[in-house]
Amino acid sequence: MSEKKRENVLAGFKAFLMRGNVVDLAVAVVIGAAFTNIVNSIVKGIISPLVGAIGTKNLDVYTSCLKAPCGVDAKGEPTGVNIMWGSVLNAALSFLITAAVVYFLMVLPMAKYLARVEARRKAKEGVQENMEITELEVLKDIRDVLVSQRNGNGERITASGSTPGARDTF
């Protein structure tokens, strides 16, 4: 590979990495991975014991036997066909808790913040529009005054009421 092509490839790779959405995505993945530990702790430490008050702490033990005999044989291999709906319920609860925490702690506050920023921006634009309209109206008024100061044949009338260059006769 020639030196010029290598520089182009490296420049393209650098541009790819420095795009905003790639960096944002990388940050989101890292935070999401760290956040998973928190959610798993909440599920294992709070939700599972609450469910355990009704049944068992470990939701993974909830199963239904589709084809008997269900269980474990002497070799430790499962027999029959078990539907492990408890683990699905555990995963669904983890997902719902994750979604709720992300929404209420990240999405909702960010949406409110962005709405405030947008409202401030619109308020500033409104003030600028009012100023522009006011300036335009003032300029139109000045134009109208200047037009009204001209007499019928296009000559300008001075403050004294005469045309420039005309001599006042007494």
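Data block above holds the structure.
Just so it is clear, the model here is predicted, and its values are computed rather than measured.

Thresholds applied
- Residues numbered from 1 in each chain as written.
- Predicted model: local features only at pLDDT ≥ 70, side-chain atom pairs only at ≥ 80, totals over all residues.
- Heavy atoms only, no water.
- Helix = DSSP H or I, 4+ residues; strand = E, 2+ residues; numbered from the N terminus.
- Buried < 20%, exposed > 50% of the residue type's maximum accessible area, 1.4 Å probe, protein only.
- Contact = heavy atoms within 4.5 Å.
- Areas by Shrake-Rupley, 256 points an atom, 1.4 Å probe, with all protein chains shown as cover.
- Phe/Tyr/Trp six-rings, centres within 6.5 Å; stacked < 30°, edge-to-face > 60°.
- Patch = residues over 30% accessible without salt bridge, like charges linked within 9 Å, V, L, I, M, F, W, Y side chains within 5 Å.
- Salt bridge = Lys/Arg side-chain N within 4 Å of Asp/Glu carboxyl O.
- Lys, Arg positive; Asp, Glu negative; His and termini not counted.
- Charge placed at Lys NZ, Arg CZ, Asp CG, Glu CD.

Talk me through the overall build of the protein; I want residue IDs and the actual numbers.
If you tally the helices and strands in the protein, you get three helices and two strands. When the elements of the protein are put in sequence order from the N terminus, they spell out α-α-β-β-α. Counting across all 170 residues of the protein, residues that qualify as buried make up 8%. The long-range fraction of contacts in the protein, counting pairs at least 24 apart against all pairs at least 6 apart in sequence, stands at 31%. Surface summary for the protein: the accessible area is close to 13900 Å², and the carbon and sulfur share equals 65%.

Talk me through the packing of aromatic side chains; I want residue IDs and the actual numbers.
Applying the stated criterion across every chain yields a total of two aromatic pairs. Both rings, one in Tyr62 and one in Trp85, keep their centres 5.3 Å apart while their planes meet at 25°; by these two values the pair is stacked. In this pair, Tyr62 sits in the loop between helix 2 (20–54) and strand 1 (64–72) while Trp85 sits in helix 3 (residues 85–149), placing the two residues 23 residues apart along the sequence. A residue is classified by how much of its surface remains accessible, and Tyr62, at 22% relative accessible area, is partly exposed.

How would you explain a positive patch on the surface if you had to name every residue and give the values?
Taken together, the side chains of Lys112, Arg116, Arg120 and Lys124 present a region of like positive charge at the surface. Position of Lys112 among the secondary structure elements: in helix 3.

The quantities given are spatial measurements derived from coordinates; they are silent on function.
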